[in-house]
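Close look at the chain arrangement
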Amino acid sequence: MEDPGLPPTGTPIRAPTGTPLWTPPGSQRVSPAAERLLHILLDDDSRPTPTIFTEMDTLQSEGGELEWKETARWVKFEEKVEEGADRWSKPHVSTLTLHSLMELRTCLQTGGIVLDLEGDGLPQIVEEIVDRQVSDGLVAPDLKEQIIFVLLRKHRHQTRKPIHQSLAGIGKSSSASAPTRSPQVNLSHSSASGTHHSTEDLHCRQASSLSRQHLAQSRSMNDISDTPSTDQMKNKFMKKIPRDAEASNILVGEVDFLSKPFVSFVRLAQATTLGGLTEVPVPTRFLFILLGPHGKTKSYNEIGRAIATLMVDDLFSDVAYKARDREDLIAGVDEFLDEVIVLPPGEWDPKIRIEPPKKVTSAEMRKSVLNLNELGQMNVSAGAGGEDEEFPAPHELGEELQFTGRFGGGLWLDIKRKVPWFCSDIYDGFHIQSISAVLFIYLGCITNAITFGGLLGDATDNYQGVMESFLGTALAGTVFCVFGGQPLIILSSTGPILIFEKLLYEFSKSNQIDYMELRLWIGLHSCLQCFVLVLSDASYIIKYMTRFTEEGFSSLISFIFISDAIKKMVGAWKYYPINRGFKPDSATSYRCDCLAPDQAPLGDENMTLLFNLTGLDWSQLGKKECVRLGGLLVGGSCKYVPDLALMSFILFFGTFSTTVALKKFKFSRYFPTKLRSLVSDFSIMISILVFCGLDLLLELDTPKLLVPTEIKPTRPDRGWLVSPFGKNPWWWYLLSSVPALLVTILIFMDQQISAVIVNRKENKLKKGCGYHLDLFWVGVLMAVCSLLGLPWYVAATVISVAHIDSLRMESESSAPGEQPQFLGVREQRLTGILVFVLTGLSIFLAPVLQYIPMPVLYGVFLYMGVASLSGIQLWERTKLYLMPPKHQPDFPFLRHVPLRRVHLFTLVQILCLVVLWVLKSTVLAIIFPVMILGLLVVRKLLDFMFSQHDLAWLDDILPEKDKKKKEKKKAEPESDEEPGSSAPSPVKIPMEALEPLPLPRCPSHSQPNL
């Protein structure tokens, strides 16, 4: 039995306009408003819609004169004029009443709509607007001159003026109160003030002389200048407005000569600069005029704020530009009402200004949602039907990894893709941001070269040392940045390669094999194997490396950076221990004397030295000289050293924490935007200079950066070229291909995973990448470095990510309150080339570099490792273990995957990371490259532990799974629906009183005109 208060089953509920407000389940109907918007927005996308700057002026009386005073403005968010403080408010989200939106809709229904009006100046435009209202019978002819007079009053904008101009304005305002005004101005002021005789007086004056009317009208036209003023041209607010922006002017006010509102919405055929109408010299495209009788000031202002908010809405602004008639505009308002969210009046304070969000939905996404929503194809619940919400956007690597099936096809496409950009890769680097990037990455590279060079020297008995590390870094990095497919990648020695070098040297030494010759043949075989991988398009398998593999590998490299930096600092406690036994009260008894050998017990080896130093004053020798000459240090303070360990940790953590703080300074509230951005870009350099200065000021003997000063091999018995023959049996030339295979696997995985991380779509790279071309040059450099006895180099994940971050570009003219938009990365080759050229020249910069404390550079290392963890989802999911559910961030995957499944997936990743770390640190490190490939096997096994829905949100679906899903979707008939699973059509917000109409049950019946 049906409820008598509801319409018959199958009958849509409609507003008087014919728009369905509720549709029965199973009937997918398209409302007229949605159908209009689909035709307007989706059929005509030939040109982008300009940004709209909206200014709202209200009619006020100032010093006896009528004028339009600016009260609010919008670029993206609302800013109000705070009258008491005489300043602009903070940008905030506009909060509108539902009643004001309904009144605005009524205004557009009943008021004048003028689209594509031709006009060169404001007087001409205003007269044309009023004439059309008169011809349409909306305004009495005798009110024409009065409306024109009011609309052409001067506009006073809220601009920041110097003090002397403000004082001058005080004098002008006092003199303006003198009764030396034109009669017409007096009458208009009287009408605005609400006196009853003003309208009659105005009618008498108009009837007395037509010439005086025209004279008064000409005076009123002169109130608004035809050209922008100096203050407008110098307004700094122009920096916040895009260059192609157009203006929308909202004029609202109350007068006493109107009995009903005068409403007009105008779109000009061409954007026109209307002199002093707008605060900034932006051409006007839209006008909205609302004049009405007294007593509804608040209502008029709210309607003005409503249309202003709509004009800066991305979706409605598209409608306003492309509307063909009144109904198109009303359809845009209806769609805006469909998306409006109502806040209960008793549960929030309307006086609170809502801060602008960090991210808003783009217009393109809203258009696509509109399309799906109105056609009834969209999910309205987590498990109801379609896949648009059930699966997130797939992770796509791009066409660079498509399997061509041709010999060297991928390499040839990479070359064709990168050659057209080669010139721009050079001149795009000429920017001040490149300076900070070069200095930052340079310090990271030389620190890495010195660190790994020293470790290589220890591991290989100085066959490779710091000098070889410097020259190899300069050579390999420069060649790769000039000719590589992705010049943003930074080549460096990495931890896994260091482990392999150490194991190879120990194997050679224990089996009496020449290490350098064996290493040369391994490098040559690895080079040939890299060529085979390049020519066979083997980089295609990178598609199977999902986020699971990327995060595991990048987390491992980040932790290596962090652990190495901390290990180096912990070593400072061993070399510079803290003096725990020092007692300040016993300071007078602490002394250290150098005694001559004749006063100390001597061994036989010191007897000869004794006879040569008989005339030496031992008490005047320093500590080092005394020990060198064989003297004896006696005293309680001889073993005292300053607390260099504590000072080193201050420099270490100070550099790290200061860099982090200065990087975040860009988002602080202090100082102008450009200064904050400059400080953020040069945060690394500022931190290094500050703590190097602190070290110089205290004059403590902290460990300093030691750079070679001569170009010669670290080991005296080797040259710069390695002979391929003569020292090892001939069969080693063939057997070396086996360990070379391990090196190739390591290089392939390290290089390509780092390349995938750099080439992520989140970085918005536009010049393409070249996986095959990159691997080709890495193979060439393997052979060259092996021949010269230099270390092997591959993509360094952490430094490459730091390079990307240092070259991020953001929009300069962001709207007030809007977060700067990430535009992409400054793609060029110049920064990488300069970094590696400076690395090679560091040998000649040793006198300057020797003042940089090593703890400062270890702080830079720590920052690189921590910063590279910030964008890894594994780290965010790991922190969820310590958070109660109500305090967890609103991550998208938490909305679609149960928390226990999230924890299980995170646990699997952590276990894999622990296994890789253990293998790296033990004798099993030789199979480390194979275990990286093992991550792909583990990811494949996860398909049996987790559903594809869960993996789509926590990771990425493997390519064949994605393909099968698409084929299944394509094979299903579009009209097939599971019984009982049809999603209900969206519920519309009622715009007027609901009127149930007895329409036929057939959904295809034409709708009556209501």
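Residues numbered from 1 in each chain as written. Predicted model: local features only at pLDDT ≥ 70, side-chain atom pairs only at ≥ 80, totals over all residues. Heavy atoms only, no water.

1. Here we look at the overall build of the protein
- Counting its secondary structure elements, the protein contains 38 helices and 18 strands.
- Sorting the 1010 residues of the protein into buried and exposed places 48% on the buried side.
- Expressed as a percentage of contacts within the protein between residues at least 6 apart in sequence, the contacts between residues at least 24 apart total 78%.
- Of the roughly 49,900 Å² that the protein leaves accessible, carbon and sulfur atoms contribute 61%. (Helix = DSSP H or I, 4+ residues; strand = E, 2+ residues; numbered from the N terminus. Buried < 20%, exposed > 50% of the residue type's maximum accessible area, 1.4 Å probe, protein only. Contact = heavy atoms within 4.5 Å. Areas by Shrake-Rupley, 256 points an atom, 1.4 Å probe, with all protein chains shown as cover.)

2. Some points on the side chain of Lys767
- Its location among the elements puts Lys767 in the loop between α27 (737-758) and α28 (771-788).
- Residue Lys767 is classed as buried on the basis of its relative accessible area of 7%.
- A distance of 3.2 Å separates polar atoms of two side chains, one belonging to Lys767 and the other to Ser424.
- Setting aside chain neighbours within four positions, we find Lys767 in contact with Arg417, Lys418, Trp421, Ser424, Asp425, Asp428 and Glu827. (Polar contact = N/O pair within 3.5 Å; in protein donor to acceptor, adjacent residues only side chain to side chain.)

3. Points about the packing of helix α14 (residues 409-418) against α28
- In the contact formed by α14 and α28, the axes pass within 7 Å of each other and the chain directions differ by 100°. With respect to α28, the axis of α14 lies roughly perpendicular. Facing Gly410, Leu411, Asp414 and Ile415 of α14, the residues of α28 in contact are Tyr771, His772, Leu773 and Phe776. (Axes fitted to C-alpha atoms, helices over the stretch in contact; angles between N-to-C directions. Parallel < 35°, antiparallel > 145°, perpendicular 65-115°, else oblique.)

4. Thoughts on the side chain of Asn759
- Relative to the helices and strands, Asn759 is located in the loop between α27 and α28.
- Look at Asn759 and you get buried, because its relative accessible area is 15%.
- Within the structure, the side chain of Asn759 is placed 2.8 Å from the side chain of Gln486, a separation counted as a polar contact.
- If near-sequence neighbours (up to four positions away) are discounted, Asn759 is found in contact with Gln486, Leu765, Cys769 and Tyr771.

5. Digging into unusual backbone geometry
- Within the chain, Gln512 stands out as a residue other than glycine whose phi angle is a positive 55°.
- In this structure, Gln512 sits in the loop between α18 (495-510) and α19 (515-535).
- Of note in this structure, Lys764 is not a glycine but carries a positive phi near 55°.
- Within the element layout of this structure, Lys764 appears in the loop between α27 and α28.
- In this structure Lys764 comes out as partly exposed when scored by relative accessible area, which is 41%.

6. Here we look at the packing of aromatic side chains
- Taken as a whole, this structure holds 21 aromatic pairs when the rule is applied.
- When the centroid spacing of 5.3 Å and the interplanar angle of 85° are considered together, the rings of Tyr505 and Tyr515 count as edge-to-face. Of the two residues, Tyr505 is situated in helix α18 and Tyr515 in helix α19; the sequence distance between them amounts to ten residues. Considered together, Tyr505 and Tyr515 belong to a single accessibility category, that of buried residues.
- Connected via pairs of aromatic rings, a cluster forms that spans Phe483, Phe531, Phe776 and Trp777.
- Sitting over the face of the ring of Trp88, Arg73 holds its NZ or CZ atom 3.9 Å from the ring centroid. (Phe/Tyr/Trp six-rings, centres within 6.5 Å; stacked < 30°, edge-to-face > 60°. Lys NZ or Arg CZ within 6 Å of the ring centre and 35° of its normal.)

7. What about the pattern of salt bridges?
- Tallying each qualifying case throughout the model produces 26 salt bridges.
- Among the salt bridges present, the one from Arg105 reaches Asp334, with a minimum N-O distance of 2.5 Å. In this pair, Arg105 is assigned in helix α2 (residues 98-110) and Asp334 in helix α12 (residues 326-339), connecting sequence segments 229 residues apart.
- Given the relative accessible area of 3%, Arg105 is considered buried.
- With relative accessibility at 5%, the residue Asp334 sits in the buried group.
- Two residues, Asp890 and Arg895, come together in a salt bridge whose shortest N-O distance is 2.4 Å.
- Asp890 gets classed as exposed once you look at its relative accessible area, which sits at 55%.
- Classification of Arg895 as exposed rests on a relative accessible area of 59%.
- Here the residues in one salt-bridge network are Asp425, Asp428, Lys767 and Arg829, joined through shared partners. (Salt bridge = Lys/Arg side-chain N within 4 Å of Asp/Glu carboxyl O.)

8. Comments concerning helix α29 (residues 797-806)
- Counting buried positions along α29 gives nine out of ten residues, so the element sits mostly inside the fold.
- Of all the residues in α29, the buried ones are Thr797, Val798, Ile799, Ser800, Val801, Ala802, His803, Ile804 and Ser806.

9. Observations regarding the confidence of the model for the protein
- Averaged over every residue, the pLDDT of the protein is 75; the share at 70 or more is 75%.
- Per-element averaging of pLDDT across the protein places helix α6 (residues 183-193) at the bottom with 36 and strand β11 (residues 284-292) at the top with 93.
- Between residues 1-28, whose pLDDT stays under 50, and residues either more than four places distant or in other chains, the model counts 58 contacts.
- Low confidence marks residues 600-611, where pLDDT is under 50. Its contacts with residues over four positions away, or in another chain, come to seven contacts. (pLDDT = per-residue confidence, 0-100.)

10. Topic: a nonpolar patch on the surface
- Together, Ile432, Ile435, Tyr670, Phe671, Leu675 and Leu678 make up an exposed nonpolar region whose accessible area comes to about 630 Å².
- Mapped onto the fold, Tyr670 is located in the loop between α23 (644-664) and α24 (673-681). (Patch = residues over 30% accessible without salt bridge, like charges linked within 9 Å, V, L, I, M, F, W, Y side chains within 5 Å.)

11. A closer look at the pairing of β11
- Of all nine residues that make up β11, nine are buried, and the element is covered over most of its length.
- In this structure, strand β10 (residues 262-272) lies alongside β11, joined through seven bridges in antiparallel fashion. Note that in β11 the partner of Phe265 across the bridge is Phe288. (Pairing = 2+ DSSP bridges.)

12. Section: the state of the cysteines
- Per the counting criterion, the structure on display carries zero disulfides.
- Cys445 supplies the cysteine sulfur nearest to Cys481, a cysteine that is in no disulfide, at a spacing of 8.8 Å. (Disulfide = S-S within 2.5 Å.)

13. Comments concerning the environment of Ile753
- Residue position: Ile753 is located in helix α27.
- Residues in contact with Ile753, not counting those within four places in the same chain, are Met545, Thr549, Glu550, Phe553, Phe748 and Ile932.

14. Focus on the packing of helix α16 (residues 432-459) against helix α17 (residues 466-483)
- Packing of α16 against α17 leaves a shortest axis separation of 8 Å and a crossing angle of 140°. Relative to α17, the element α16 lies oblique. Crossing of α16 against α17: the hand is right-handed. From α16, Ile446, Ala449, Ile450, Gly453 and Gly454 reach across to α17, where they touch Val466, Ser469, Phe470 and Thr473.
- When grouped by side-chain class, the residues that make up the contact of α16 with α17 number five nonpolar, four polar and no charged. (Left-handed = near helix turned anticlockwise from the far one by under 90°. Nonpolar A, V, L, I, M, F, W, Y, C, P; charged D, E, K, R; others polar.)

15. Points about the environment of Leu471
- Tracing the chain through its elements places Leu471 in helix α17.
- Residue Leu471 is classed as partly exposed on the basis of its relative accessible area of 21%.
- For the pair Leu471 and Ile843, spaced 372 residues apart in sequence, the C-alpha to C-alpha distance is 9.5 Å.
- Setting aside residues no more than four positions away along its own chain, Leu471 makes contact with Ile711, Trp720, Leu790 and Ile843.

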